[in-house]
Each structure stands twice: as C-alpha cells, then as structure tokens.
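# Survey of secondary and tertiary structure
Next come the chains, spelled out residue by residue.
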Amino acid sequence: MNPLKFVKDRPLDIIAVGRLCIDLNSNETNRPMEETSTFTKYVGGSPANIAIGSARLGQNTGFIGKVADDQMGRFITNYLKKNNIDTKGVTVDQTGAVTGLAFTEIKSPAECSILLYRDNAADLKLHPSEVEEDYIKLSKALLISGTALAKSPSREAVFLALEYAIKHKVTVFFDLDYRPYTWTDESETAVYYNLAAEKCDVIIGTREEFDMMEKLLNIDESDDQYTASRWFSYRADLVVIKHGGAGSIAYTKDNESHRSGIFKTNVLKTFGAGDSYASAFIYGLMNGKDVSEAMKMGSASASIVISRHSCSDAMPTKEELINQMETAVYEPVQG
C-alpha cells in the first residue's frame, strides 16, 4: 500500500529547501574532540544530504537555499552541481553572513556528538522573494526540514514554498530535523513546527521530535498512534516515527501501520542515518514501492551511511542500495 500520488510529467522529482553547511568530521575516531587534531570537510545539512542521497539514487533533484559569498559557499554549490543537483534556486548571500560549520566527534560507534557554529548562518538568510513559484511547480515533490524554520527570513521562505507546493499539487515531505541550539525556546519551536506540519503530506521524525511538538498540548504521555492520528486530521497521508535501533513505524490514513527493522552493519558513527533513511524512503515511495518496502530501502541506506566516515559522500547509488538489501542481514522488529 502506497497512499501517495505524484503529478507526472514534471522535469524535477524533488526539490529540497533549507540548510546548506559544512561538516568537519573527525579523522581520529574513538576519542573526544579535545584530542582530535584533523578533520575532513564535506557538504552537510539535513536537506542537503537528503537531496544528495536522492540524486545518487537517480532522482532529478533541485535545491532552494542560500550560501555564503566565500570559499565554503562555492564549495557547497560546486558539490551540488557535481552531484547533478539543479542549483537554480541556490542564491548567494550579500550581507556578510557565513557558512554554518558542524564539527563531529566520534568517541565510539554509539557515542557521537556534533559541535555547531550557526551564528549569522547564510542558509537562514533565504528570503521569500528568492523562492520562485515557477520553480516549485516544476517538481513532483518538495522536501522541507525543521531547521529552516528557526529564524526569519528563512522561516517565511519555507512557508511560502509550502503554499506554492499546495497550490500546484506538489507532494510535501517534512523531515523534522530538530536542532535545539538554533531556536530561542521550545515553545517557539513547537509553534512553528506544528504550523508547518499542518501543510505537509508526509511527516518523518524521531519519537523525541514528535514529543517536542506535542509539549504545547500538555499531553503527559503520548504514543505513536495518537501522534499519527493527530496529523491525519490535517493534510498528512503518512507519518513515520523513528525509534533508533528499534527501527521505525509508519502509519497511513487508512489505519494501517508498517514496521521497519534494521540491516546489520559495522557502525562507525550514528549521525547521517536519518538523512540517508529519508532519501531512500522517499525514493522508494516516488517509484511506486509500498510503504513497507520503501522503509526497508531507507533502513538499508542508513546502514550504509553509518558505516562510512561522511554523510553526503557516503550516500549510496541505486546499485549499492540494491546490493545492501540483497546481501546484508536484515533484522525485523516485532511490534
């Protein structure tokens, strides 16, 4: 069962909106960042990673975002182009804003952290005037992520993109991507997350992210079924709630639920799993797979990326994804 419908005969499969930054991943693993001397530079940011993952799988992919007018900004734009991502919607900041940096610490396969520099970040300067209706209507799907809602004018740019998507029957995916350091407080976060989610067809997030959104409702103890049913009263057709090593569960509007397990792998790091899951999951759904099979594709992609040093560079090709699904050990999760 796949509840989603996509408008055919559009040149772009998916456009992602939001964060474009630099990941600096520790080369010295199994030690704290205080003892790390060298890092490797990659393109990062959740929507960027998902877009790159989509393009690697053969999707015609575009991006709407803003980069700094510096070497890092040019590095990001060039990388997107090398990965066959359309950059017509990527603009260059002229206010002196800088590229956001994410330093990653790999203490152990289970203990990883990210140190972020997000002050005056260029991606949050994206203005509504830089979101073009004619560009969005070229796409079958739009991906937004929560980080882009954290500050104005990026927040308003995302809401405008959502309105254009709805107007032109573009299916909207919302990757919650909650990063508390970007926000003023949890109330502000919950308000804008909830307002955006009301306009989305598919919502993907962790149990903790959905809990954050529900805090304003004064719900003492939520559960997955309640969370999903709440969004089905708006536009959502599909709600995916991730539980880390316990897999994920997807709910559809017809009261069906689907559980996804995990593929065994040699874990190097934990970050990147969510982005790789989303890119392959969306790819599966857009190519007619039922929800269970698309979730399995997402899990396979995640297992590849957490075994590699980067997030963006690690995104698998279609051939690598199929090979992982055929050769890796799959562990179903019992409900």
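Residues numbered from 1 in each chain as written. Predicted model: local features only at pLDDT ≥ 70, side-chain atom pairs only at ≥ 80, totals over all residues. Heavy atoms only, no water.

## Things to note about the pattern of salt bridges
Stated formally: Salt bridges are identified by distance alone: a Lys or Arg side-chain nitrogen within 4 Å of an Asp or Glu carboxyl oxygen. By the criteria applied, helices consist of DSSP H or I runs no shorter than four residues and strands consist of E runs no shorter than two, each listed in order from the N terminus. Throughout this description, buried means an accessible area under 20% of the type-specific maximum (1.4 Å probe, protein chains only), exposed means over 50%, and partly exposed covers the range between.
If you walk through the whole model with that rule in mind, you get 20 salt bridges. Here Glu 133 ties to Lys 167 by a salt bridge, and the two come within 2.7 Å at their closest N and O atoms. Here Glu 133 is found in helix α3 (residues 133-136), whereas its partner Lys 167 is found in helix α4 (residues 154-167), with 34 residues between them in sequence. Note on Lys 167: relative accessible area 56%, which makes it exposed. A salt bridge links Lys 253 to Asp 237; the shortest N-O distance between them is 3.8 Å. Within this pair, whereas Lys 253 is found in the loop between β12 (248-252) and β13 (257-260), its partner Asp 237 is found in the loop between α7 (224-232) and β11 (238-242), the two being separated by 16 residues in sequence. Overlapping salt bridges bring together Arg 207, Asp 211, Glu 214 and Asp 224 as one network.

## Quick notes on the sheet that holds strand β3 (residues 39-44)
We apply this condition: Whether two strands pair comes down to DSSP finding at least two bridges between them. Here an axis means a line fitted to C-alpha atoms, over the contact stretch when the element is a helix, while the angle between two N-to-C directions is reported on a 0 to 180 degree scale. By definition, residues are in contact when any of their heavy atoms lie within 4.5 Å.
Ordered in space as β3-β2-β6-β7, the four strands form an open sheet in which the pairing is mixed. Each end of this open sheet is capped by a strand with a single partner; those strands are β3 and β7 (111-117). Taken pair by pair, the neighbouring strands of this sheet meet at an average axis angle of 25 degrees, ignoring direction. Across seven bridges, strand β6 (residues 101-108) lies against β7 in antiparallel orientation. Note that in β7 the partner of Thr 104 across the bridge is Ile 114. Strands in contact with helix α2 (residues 71-82) are β2 (21-26) and β3; relative to β3, the strand with the most contacts, it is inclined by about 60 degrees.

## What about the environment of Ser 139?
Using the following cut-off: Whenever two N or O atoms come within 3.5 Å, that pair is a polar contact, provided that in protein one can donate a hydrogen and the other can accept it, and provided that, for residues adjacent in sequence, both atoms are side-chain atoms.
Position of Ser 139 among the secondary structure elements: in strand β8 (residues 139-145). Using a relative accessible area of 0% as the deciding quantity, one classes Ser 139 as buried. Residues in contact with Ser 139, not counting those within four places in the same chain, are Arg 10, Leu 12, Asp 13, Ile 14, Ile 15 and Val 170. Polar side-chain contacts of Ser 139 include one of 3.5 Å to the backbone nitrogen of Ile 15.

## Details of the pairing of β6
Looking along a regular strand, one sees side chains alternate from face to face of the sheet. Bridge analysis of β2 against β6 gives four bridges, and the strand direction is parallel. Of the residues in β6, the one forming a bridge with Asn 25 is Thr 104. Linkage of β6 to β7, two consecutive antiparallel strands, is achieved through a turn of two residues.

## Remarks on the environment of Asp 201
The residue Asp 201 is located in the loop between α5 (186-197) and β10 (202-206) in this model. Each C-alpha atom, one on Asp 201 and one on Val 170, is 9.4 Å from the other, the two residues being 31 residues apart in sequence. Setting aside anything within four residues of it in sequence, one finds Asp 201 in contact with Val 170, Thr 171, Val 172, Arg 235, Ala 236, Asp 237 and Leu 238.

## Quick look at the packing of aromatic side chains
Formally: Geometry of aromatic contacts follows a simple scheme: Phe, Tyr and Trp rings, the Trp one being its six-membered ring, pair when their centres are within 6.5 Å, and the pair is stacked under 30 degrees between planes, edge-to-face over 60, tilted otherwise. Sitting over a ring, as applied to charges here, requires NZ of Lys or CZ of Arg to be within 6 Å of the ring centre and within 35 degrees of the ring normal.
Following the criterion strictly, the structure yields 10 aromatic pairs and no others. Here Phe 39 and Phe 103 contribute two aromatic rings whose centre-to-centre distance is 5.3 Å and whose plane-to-plane angle is 80 degrees, an arrangement assigned as edge-to-face. With Phe 39 in strand β3 and Phe 103 in strand β6, the pair connects residues that are 64 residues apart, well separated along the chain. In this structure Phe 39 comes out as partly exposed when scored by relative accessible area, which is 27%. On the basis of relative accessibility, which here comes to 18%, the residue Phe 103 falls in the buried class. Residues Tyr 277 and Phe 281 carry aromatic rings whose centres are separated by 5.7 Å and whose planes lie at 25 degrees to one another, so their mutual orientation is stacked. Here the residue Tyr 277 and the residue Phe 281 both occupy positions in helix α8 (residues 273-286), the gap between them amounting to four residues, near one helical turn. Through a chain of ring-to-ring contacts, the aromatic side chains of Phe 174, Tyr 178, Trp 183 and Tyr 193 assemble into a single cluster. The cationic tip of Arg 155 hangs over the ring face of Tyr 192; the distance from NZ or CZ to the ring centre is 3.8 Å.

Note that all results are geometric; they support no functional claim without further evidence.
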